[in-house]
Amino acid sequence: MIIKIKRNRPHLSHEFMGYLDTLNCEIKKIEQMNCILFVLTGDTSSIDIQRIRAFRIVDEVIPIDDPFKLSSRAFNPEDYIVDVSGVLFGGDHFAMIAGPCAVESKEQIFEIAKGVKDAGAKILRGGAFKPRTSPYSFDGLHKKGLDLLLEAGQRTGLPVVTEILDPRDLPFYEDVDLLQVGARNMQNFPLLTALGKQEKPVLLKRGFSATYEEFLLSAEYILSGGNPNVILCERGIRSFETEIRNTLDISCVPMIKRLSNLPIITDPSHAGGDYQLVKPLALASVAAGADGVMIEVHNNPQYALSDGPQSVKISRFKSIAKDLNDIRQIIQGGLNDETHD
Ligand code: PEP
Ligand code: MN
């Protein structure tokens, strides 16, 4: 259950707070965008909703059965739109994020940034602090990588997204537009909690084996800290199939949209693990209603220091961007037709 306090009513009366104390459930107070909310969890079945509504400071009481609350569509039926330095995700908005797996050099990131910008990407990606399965693999240029990414973003006018591994690194990310939480960190609760306490939007990737509920509960950590700006990303899950790196769970897109009002994009590069799969998986994502895609692009994939096999060349990215645009136009026409059940 969520109790929404009327805006501009910062004074919570003793009577109201005293009443909350009598309730036999867990209560968390959340301050989000000048709005005070109380999230009640546990056994809320015996709570007298009318009694709570009678308090003058209460705007709304919303009973929500889902374990996730603030990210639930039951709480907020309207699509939530996340603004990443002017690039919008959610509602009718769609954007492409593109760039290399990792920033490797000035020449590399500058060439790719220009190429993806010309092809219509709206945000530049590039890893600087890379989570690698093996401690012997290239794990990014760290602070130097961040600086090069930011410089490439400035040159092209593209906002940037990059992964953060450790909340103690947050000061390095001051000029980054969108903070990425990788699949391996989807349940890194101290990291999620820290990102909930700051204002930058967060791109939260789904863990390899996370259920939709676990995925949304991770988003909930950020939202309940006071940061409402979360973009979800389906990036493929582990399945029994060994021919492909991961299995892109297309159902995740419409299901998350049913359960939650947060925007969701997909990452067809990490899903397929193969540059030839990127286009069909990206097109399928858009057809399923994704609010964006994130694609790994490299100027010289054969020599990429990470994820070369799944990185597309700039020329292929241009062709993907064009086809995505075509599919979107068809989908927009189709979605406007509400004559079907
Ligand atoms: C990435 O986007 O660079 C990445 C490491 O992705 P994931 O966390 O989905 O594996
Ligand atoms: Mn990668």
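Rules and cut-offs
Residues numbered from 1 in each chain as written. Chains lettered and ligands numbered in written order. Predicted model: local features only at pLDDT ≥ 70, side-chain atom pairs only at ≥ 80, totals over all residues. Heavy atoms only, no water. Core = buried A, V, L, I, M, F, W, Y, C linked by side-chain atoms within 4.5 Å. Buried < 20%, exposed > 50% of the residue type's maximum accessible area, 1.4 Å probe, protein only. Contact = heavy atoms within 4.5 Å. Donors = N, O, S within 2.8 Å, 3.2 Å for Na, K, Ca; no water. Helix = DSSP H or I, 4+ residues; strand = E, 2+ residues; numbered from the N terminus. Near = heavy atom within 4 Å. Polar contact = N/O pair within 3.5 Å; in protein donor to acceptor, adjacent residues only side chain to side chain. Nonpolar A, V, L, I, M, F, W, Y, C, P; charged D, E, K, R; others polar. 1 Å grid on protein atoms, 1.4 Å probe; cavity = no way out; pocket = protein on both sides within 12 Å on 5 of 7 lines; lining within 4 Å. Points joined across faces, edges and corners; volume = space filled by probe spheres on them. Pairing = 2+ DSSP bridges. Arc of directions from axis to C-beta. Axes fitted to C-alpha atoms, helices over the stretch in contact; angles between N-to-C directions.

Visitor: Which residues make up the nonpolar core, and what values go with them?
Guide: Membership of the largest hydrophobic core comes to 85 residues, with the highest contact counts inside it found for Leu232 and Phe317. Residues in contact with Phe317, not counting those within four places in the same chain, are Met96, Ala98, Val116, Ala119, Ala121, Ile295, Val297 and Val312. Formed by 19 residues, the second largest nonpolar core is a distinct cluster that contains Ile5, Leu12, Leu20 and Ile47.

Visitor: Explain the coordination of the manganese ion (ligand 2) residue by residue, including any values.
Guide: Of the protein atoms, only Cys101 (SG), His270 (NE2), Glu296 (OE) and Asp307 (OD) coordinate the manganese ion (ligand 2), at distances of 2.0 to 2.4 Å. Expressed as a motif, the donor residue spacing for the manganese ion (ligand 2) is C-x168-H-x25-E-x10-D. Remark: Asp307 occurs in the loop between β14 (292-296) and α10 (314-335) and Glu296 occurs in strand β14; sequence separation between them is 11 residues. For the pair Glu296 and Asp307, a shared accessibility class is recorded, and that class is buried.

Visitor: Account for the site of ligand 1, naming residues and giving values.
Guide: With respect to spatial proximity, the complete set of residues near ligand 1 consists of Arg125, Lys130, Glu163, Gln180, Gly182, Ala183, Arg184, Lys205, Arg235, His270, Met294 and Glu296. The side chain of Arg184 places a nitrogen or oxygen atom 2.9 Å from an oxygen atom of ligand 1. For the shell around ligand 1, a count of residues per class yields two nonpolar, three polar and seven charged.

Visitor: Let's hear about the side chain of Lys257: which residues, and what values?
Guide: In this fold, Lys257 is placed in helix α7 (residues 252-259). A distance of 2.9 Å separates a polar atom in the side chain of Lys257 from a polar atom in the side chain of Asp291. The residues touching Lys257, leaving out its near neighbours within four places in the chain, are Arg73, Ile264, Gly289 and Asp291.

Visitor: Account for empty space enclosed by the protein, naming residues and giving values.
Guide: Empty space among the atoms becomes apparent when a probe as large as a water molecule is rolled across them. This structure, assessed with the given rule, holds one cavity of 30 Å³ or more. The calculated volume of the largest cavity comes to roughly 40 Å³. With three residues, strand β9 (residues 160-163) is the single largest residue contributor to the lining of the largest cavity. Looking at the lining of the largest cavity residue by residue, the classes come out as one nonpolar, four polar and three charged.

Visitor: Just give me the short version of the pairing of strand β1 (residues 2-5), but keep the residues and values in it.
Guide: Both β1 and strand β4 (residues 58-62) contribute to a ladder of four bridges, which runs antiparallel. Counterpart to Ile3 in the pairing with β4 is Val61. By the bridge criterion, three bridges tie β1 to strand β3 (residues 35-41) in an arrangement that is antiparallel. Looking at β3, one finds that Ile3 is bridged to Phe38.

Visitor: Any chance you could break down helix α1 (residues 14-22) for me, citing the residues and the numbers?
Guide: Side chains that are three or four residues apart share a direction in an α-helix, a result of its 3.6 residues per turn. Among all positions of α1, only Phe16, Tyr19 and Leu20 are buried. End-on, the buried residues of α1 take up no more than an arc of 100°, which puts them together on one face. Of the exposed residues in α1, the ones pointing more than 90 degrees away from its buried face are His14, Glu15, Asp21 and Thr22. Turning to α1, the residues buried within the fold contact β1, β2 (26-32), β3, α2 (49-53) and β4.

Visitor: Hey, could you go over the environment of Ala290 for me, with residue numbers and the actual values?
Guide: You can see Ala290 is positioned in the loop between α9 (275-287) and β14. Judged by its relative accessible area of 5%, Ala290 falls in the buried class. Ala290 sits 60 residues away from Val230 along the chain, and the two C-alpha atoms are 14 Å apart. Excluding anything up to four places from it in sequence, Ala290 contacts Phe94, Val253, Ile264, Ile265, Thr266 and Ser285.

Visitor: Can you lay out the sheet that holds β3 for me, pointing to particular residues and giving the numbers?
Guide: Spatial ordering of the open sheet is given by β2-β3-β1-β4, a layout of four strands whose pairing is antiparallel. The two strands at the open ends of the sheet, each matched to only one other strand, are β2 and β4. Across the sheet, the axes of successive neighbouring strands diverge by a mean angle of 20°, strand direction being ignored. Examined bridge by bridge, β2 and β3 share seven bridges and lie antiparallel to one another. The residue of β3 that forms the bridge with Lys29 is Phe38.

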